[in-house]
Structure formats: structure tokens, C-alpha cells
Amino acid sequence: IMLRDGEGVAQDHEEANRWCQRASEAGSTASMYDLGFQYEQGNGVAPSNREAAKWYRRAAEAGNVDAMVNLGYLLENGNGVDQDYGEAFQWYQRAAEAGDSVGMRNLGVMYENGWGTRRNLNLAEEWYEKAHQAGEESALDDLNRVRKKS
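Described below are features of the structure shown in this document.

What counts and how
- Residues numbered from 1 in each chain as written.
- Predicted model: local features only at pLDDT ≥ 70, side-chain atom pairs only at ≥ 80, totals over all residues.
- Heavy atoms only, no water.
- Phe/Tyr/Trp six-rings, centres within 6.5 Å; stacked < 30°, edge-to-face > 60°.
- Helix = DSSP H or I, 4+ residues; strand = E, 2+ residues; numbered from the N terminus.
- Buried < 20%, exposed > 50% of the residue type's maximum accessible area, 1.4 Å probe, protein only.
- Contact = heavy atoms within 4.5 Å.
- Axes fitted to C-alpha atoms, helices over the stretch in contact; angles between N-to-C directions.
- Parallel < 35°, antiparallel > 145°, perpendicular 65-115°, else oblique.
- Left-handed = near helix turned anticlockwise from the far one by under 90°.
- Nonpolar A, V, L, I, M, F, W, Y, C, P; charged D, E, K, R; others polar.

### Here we look at the packing of aromatic side chains
Scanning all chains against the criterion turns up four aromatic pairs. Each ring, one from Tyr-33 and one from Phe-37, has its centre 6.4 Å from the other, and the planes form 25°; the classification is stacked. In this pair, Tyr-33 and Phe-37 both sit in helix H3 (residues 29–41), four residues apart, roughly one turn of the helix. Classification of Phe-37 by relative accessible area gives partly exposed; the value is 30%. Between Phe-89 and Tyr-111, the aromatic rings sit 5.2 Å apart at their centres with planes inclined by 85°, giving edge-to-face as the arrangement. Pair noted here: Phe-89 is in helix H6 (residues 85–97) and Tyr-111 is in helix H7 (residues 101–113), with a separation of 22 residues, a long-range link. Judged by relative accessible area, Phe-89 falls into the buried class, the value being 8%.

Next up, the structure:
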């Protein structure tokens, strides 16, 4: 992280990614997530949503909540992977149930639109409310919009 962010040392994304790779191979889910993020952003590596998805999946399967959300996003939008609303829904649900506010909001979006699940405005409203209460400010607009539909 210090190499990536240039904290106390010269910033070096490539070297940071080499260390991240080593830590990922040793089982660090935070490093797996970080490596996925570096591939998604193209920091020190050629941008590749396919590689990002691979690393996010490894981290998510090992319980990293941020990776669950990011993998869900790639799946929802078909970025680097085949679009799969059903699997995106499952990852958002796992993240939401683990207390992640972005996962909660994204789960609300899935319920509101019927993506990967049956459309359910009551559950959309419930998840938007939980997301907002958990600090996800953007969920307030979603909550107000879905309340007008109900």
C-alpha cells in the first residue's frame, strides 16, 4: 500500500503490484481485492476487467466484502465477464447481509428493476432504507424514487 500510494517511499505501482501478487498467493484477501482494483483501474498493469474479475472473485469467495460488491458490479454490467444478473444479485446479497452499505444499495437496485430476481419494490425500499441508515447517501434518492412507485 505504501508503494502504491507513495507513503514514505517513491510511488511505484508496478512494484506494489508484485508485492500484492505475492501476498495474494499467500492468501491475503485484502491483497487479492487490491490487485483486482489495480487491474480495473490500470495502475501499474494494463487495464483488464477480466483480470480484475478473476482477483475479485478469489477475494469474494474468501469473504472479502468489498470484492463481493466490485465483482457484482462487473457481473451486473458485463465488464470483463459475461453479464449475469443472477450472480451479481447473489454477490450483492452476500455483501449486504455482511453489512456493506453499497451492497445494500445495489441489492435494492436489483429488486427495483427485477434483475437477477423477481421485481419487488417493497424489498427494494427495505434495502435502500438500510443502505441509507448505514451511511450510503445515494440511497436516499433511490428510496424516494421507489416510494413514489409504491
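Next comes the rest of the write-up.
### Some details on the environment of Leu-75
You can see Leu-75 is positioned in helix H5 (residues 65–77). Sequence spacing of Leu-75 and Phe-89 is 14 residues, and the spatial spacing of their C-alpha atoms is 9.0 Å. Residues contacting Leu-75, with those up to four places away along its chain left out, are Arg-57, Val-81, Asp-82, Gln-83, Asp-84, Glu-87, Ala-88 and Trp-91.

### Regarding the packing of helix H4 (residues 49–61) against H5
Axis separation between H4 and H5 bottoms out at 8 Å; the angle between their running directions is 140°. Between H4 and H5, the crossing angle belongs to the class labelled oblique. The interaxial crossing formed by H4 with H5 has left-handed handedness. Across the interface between the two elements, Asn-49, Ala-52, Ala-53, Tyr-56, Arg-57, Ala-59 and Ala-60 from H4 touch Ala-67, Met-68, Asn-70, Leu-71, Leu-74 and Leu-75 from H5. Here the residues of the contact of H4 with H5 are counted per class, giving ten nonpolar, two polar and one charged.

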